[in-house]
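Overview (structure and organization)
Given next are the chains, with one letter for each unit.
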Amino acid sequence: MRDERRARPDIAEMRGVTPLPRKSGEMVFHDDWERRAFAMAVSLAEQGLFEWSEFQERLIESVAAAERVDPQNPSRGYYESWLVSLERILEDKRLLSSSDS
Amino acid sequence: MSEQHDHDAPASPYHTSDRTFERNEKLAERVAIIESLLTKKGLVAKDALDRIVDMYENDIGPMNGAKVVARAWADPGYKARLLENATAAIAELGFGGLQGEHMVVVENTAKVHNVVVCTLCSCYPWPVLGLPPAWYKDAAYRSRVVIDPRSVLAEFGTMLDDDVEVRVWDSSAEIRYLVLPERPAGTEHLDEEALAALVERDAMIGVAKAKAP
């Protein structure tokens, strides 16, 4: 049972500047779009459309960019940076273009 | 989710207090557009996305902590490192992800029984124990285990002799405690995997003992 539905440690336990926001272990989502954006990135990685490390690289960049002016008061929240990273990798991998499928 | 409690609050990147309604609507729209396009291309499906959210919200279990305890029972060198610097020793087994908090492991012996609570909220070592049980967050447990730990433990079926000292540890944003239960008698022949199967969540919170083989 557990093996059929197991979170990937490379995603669930990301370290450094991109750990998933959690409060006592429970993931913190403020709005449903955050859940959808989270799950889309994970789903595409599960299907092998990109490596998780490729997504994480973009996430690190996005989080760093948001904290550049004032680290204590980032210009956007975690899942906003997540969304920016998702949009970037979709473009880089041409996953939204209609011609290549 | 909405109350921000600095005992356990995530760092500022996770706050959305400055996000206006309009900004949020725009973000939701961007996500909906992506989902719609990817759905049309057959790259995402609603069921799959729901399953992923559910899995990541719920699928971190106390098995990680059980492996830590079993290793400590089997390997005296590891146990020494665990009691000296639990965060590092737990990381040796590949478990981590706490955001700046330190782990402290407290050892149960024949004369000392440790039990963990978070009196202010529900601070909990989730990378090793998964999500806290409902009773751990309950106001009754949080207040009573401090005032009268023996009767709370008795309600969990854990009877202690009068000469056993009970120590109650209050977890916080800075320090998260994990109880190292006593190794049960008659387990000398067991390997780590079999030992780990004897260690349940409640034993690592300290409201129960490890199971007998």
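Below you will find a few notes about this structure.

About the thresholds
- Residues numbered from 1 in each chain as written.
- Chains lettered and ligands numbered in written order.
- Predicted model: local features only at pLDDT ≥ 70, side-chain atom pairs only at ≥ 80, totals over all residues.
- Buried ≥ 20, exposed ≤ 12 C-beta atoms within 10 Å, placed from the backbone.
- Helix = DSSP H or I, 4+ residues; strand = E, 2+ residues; numbered from the N terminus.
- Pairing = 2+ DSSP bridges.
- Expected span 1.5 Å × (residues − 1).

Take the pairing of strand β2 (residues 112-117) of chain B next. Residues and elements named next belong to chain B. Burial of β2 is extensive: 5 of the 6 residues sit out of reach of the surface. Here β2 runs beside strand β3 (residues 165-170); their pairing, made up of 6 bridges, is parallel. Counted as the bridge partner of Asn114 is Arg167 from β3.

Another point: helix α2 (residues 32-46) of chain A. All names here are of chain A. Look at α2: 21 Å from first C-alpha to last across 15 residues, which is about the 21 Å you get at 1.5 Å a residue. Burial analysis of α2 places 12 of its 15 residues in the buried class, the great majority of the element. All buried positions along α2 are accounted for by Trp33, Glu34, Arg35, Arg36, Ala37, Phe38, Ala39, Met40, Ala41, Val42, Leu44 and Ala45. Positive backbone phi, approximately 80 degrees, marks Gly48, located one or two places after α2.

All names here are of chain A. In this structure, Arg94 is a non-glycine residue whose phi angle is positive, near 55 degrees. With respect to the helices, strands and loops of the structure, Arg94 is situated in the segment after α4 (78-92). Classification of Arg94 by C-beta neighbours within 10 Å gives exposed; the count is 11.

Residues and elements named next belong to chain B. Burial of strand β4 (residues 175-180) is extensive: 5 of the 6 residues sit out of reach of the surface. Here strand β1 (residues 102-107) runs beside β4; their pairing, made up of 6 bridges, is parallel. Looking at β4, one finds that Met103 is bridged to Arg176.

It is worth stressing that arrangement in space is one thing and function is another; only the former is reported here.
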